[in-house]
Amino acid sequence: MKFFIDTANLADIQEAADLGVLDGVTTNPSLMAKEGIAGQDRILKHYVDICNLVDGPISAEVISTDYENIIREGEALAALHANIIVKVPMIKDGIKAIKYFTQKGIRTNCTLVFSAGQALLAAKAGATYVSPFVGRLDDISTDGMALIAQIRTIYNNYGFQTQILAASVRHPMHIIQCAEIGADVMTGPLSAILALLNHPLTDSGLAKFLSDYKKVNA
């Protein structure tokens, strides 16, 4: 399973990259705003800055909701860098645009997916990635992981090449569950990735090893 980090914070991206397990980055307008990145020129430059940090897929989201402008924005984003994936919302014109981008050889990430039917449409249109938001489903007392499993079954049934990118991952158990189900990618915050490192027995065992070493090497 690939690890993407869901942020626009360059320091967090660099830390995840330095860990040696980072495969890509996802962003969205909210994450850009959180970092104070405003204005089209600054946003586009920030995407390029991210691409220069990580040699992997970088999802850059369109903000238009009509077909013509989704196409215009998506083509401009794709032209920024070879690693850019055009992130398109799960709406009618978004699906039409994904089909267009697919035919043009532009890779896409269909975002804001909350049902198996939406994921099926995205795959039929040729999306490179589909992003079901597991955390947001959990927030409304719906099992986000059940959706990942349902999509995995459907895609396996028909050999769809669209990759399942589990989004809105909140904590390490989300990551483990995604890996068990067979998600192709998970994207989450740096905190969730780093939390995989932690186990009290690792901490106590290391402390014991170091203590015993000091006793005989003081």
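Read on for a plain summary of the structure. (Residues numbered from 1 in each chain as written. Predicted model: local features only at pLDDT ≥ 70, side-chain atom pairs only at ≥ 80, totals over all residues. Heavy atoms only, no water.)

Things to note about the overall build of the protein chain
When its secondary structure is counted, the protein chain shows 11 helices and eight strands. C-alpha extents for the protein chain along the principal axes are approximately 70 × 40 × 30 Å. Across the 218 residues of the protein chain, 44% fall into the buried class. For the protein chain, restricting intrachain contacts to residue pairs at least 6 apart in sequence, the fraction spanning at least 24 positions comes to 56%. A total accessible area of about 10900 Å² is found for the protein chain, and carbon and sulfur atoms account for 55% of it. Side-chain charges in the protein chain split into 18 positive and 22 negative, and the spacing between the mean points of these groups amounts to 3 Å. (Helix = DSSP H or I, 4+ residues; strand = E, 2+ residues; numbered from the N terminus. Buried < 20%, exposed > 50% of the residue type's maximum accessible area, 1.4 Å probe, protein only. Contact = heavy atoms within 4.5 Å. Areas by Shrake-Rupley, 256 points an atom, 1.4 Å probe, with all protein chains shown as cover. Lys, Arg positive; Asp, Glu negative; His and termini not counted. Charge placed at Lys NZ, Arg CZ, Asp CG, Glu CD.)

Here's the deal with the side chain of Glu 73
Along the polypeptide, Glu 73 turns up in helix α4 (residues 67–78). Nearest to the buried, unbridged Glu 73 among oppositely charged side chains is Arg 72, at 4.5 Å. Contacts of Glu 73, omitting those with residues within four sequence positions, involve Val 62, Ile 63 and Ser 64. (Salt bridge = Lys/Arg side-chain N within 4 Å of Asp/Glu carboxyl O.)

Looking at the sheet that holds strand β4 (residues 84–89)
On the basis of which strands lie adjacent, the closed barrel formed by eight strands has the order β1-β2-β3-β4-β5-β6-β7-β8 and parallel pairing. The average angle at which neighbouring strand axes cross in this sheet is 30 degrees, direction not considered. Inspection of the sheet shows strand β1 (residues 2–6) paired to strand β8 (residues 185–188) by four bridges, in the parallel sense. Looking at the pairing, Lys 2 lines up with Val 185 of β8. Contacts between α4 and the sheet are confined to β3 (58–61) and β4, with β4 contributing the most and set at about 160 degrees to the helix. (Pairing = 2+ DSSP bridges. Axes fitted to C-alpha atoms, helices over the stretch in contact; angles between N-to-C directions.)

Examining the pattern of salt bridges
Inspection of every chain in the model, using the stated rule, returns six salt bridges. Glu 61 is the partner of Lys 87 in a salt bridge, and the nearest nitrogen-oxygen pair spans 3.9 Å. Remark: Glu 61 occurs in strand β3 and Lys 87 occurs in strand β4; sequence separation between them is 26 residues. Exposure class is identical for Lys 87 and Glu 61. Each is buried. With a closest N to O distance of 3.1 Å, Asp 184 and Arg 152 form a salt bridge. Pair noted here: Asp 184 is in the loop between α9 (172–181) and β8 and Arg 152 is in helix α8 (residues 144–158), with a separation of 32 residues, a long-range link. Accessibility expressed as a relative area gives 25% for Asp 184, which makes it partly exposed. Salt bridges sharing partners connect three or more residues here, namely Lys 208, Asp 212 and Lys 215.

Brief notes about the pairing of strand β6 (residues 129–132)
Residues Tyr 129 and Ser 131 of β6 are buried on one face, and the alternating residues Val 130 and Pro 132, pointing to the opposite face, are buried as well. In the sheet, strand β5 (residues 108–113) pairs with β6 via three bridges, with the strands oriented parallel. Within β6, the residue paired with Val 113 across the bridge is Pro 132. With helix α6 (residues 116–125) bridging β5 and its parallel neighbour β6, the resulting β-α-β unit is right-handed. (Right-handed = clockwise from strand over helix to strand, strands pointing away.)

Focus on the state of the cysteines
Scanning the entire structure with this criterion turns up zero disulfides. Left without a disulfide partner, Cys 178 is nearest to the cysteine sulfur of Cys 110, which lies 17 Å away. (Disulfide = S-S within 2.5 Å.)

Describing the nonpolar core
Across soluble globular proteins, nonpolar side chains show a tendency to be buried alongside one another. Core analysis: the biggest nonpolar cluster contains 57 residues, and Phe 101, Cys 110 and Tyr 155 have the highest contact counts within it. No other element matches α8, which puts six residues into this core. Formed by seven residues, the second largest nonpolar core is a distinct cluster that contains Phe 4, Ile 85, Leu 165 and Val 185. (Core = buried A, V, L, I, M, F, W, Y, C linked by side-chain atoms within 4.5 Å.)

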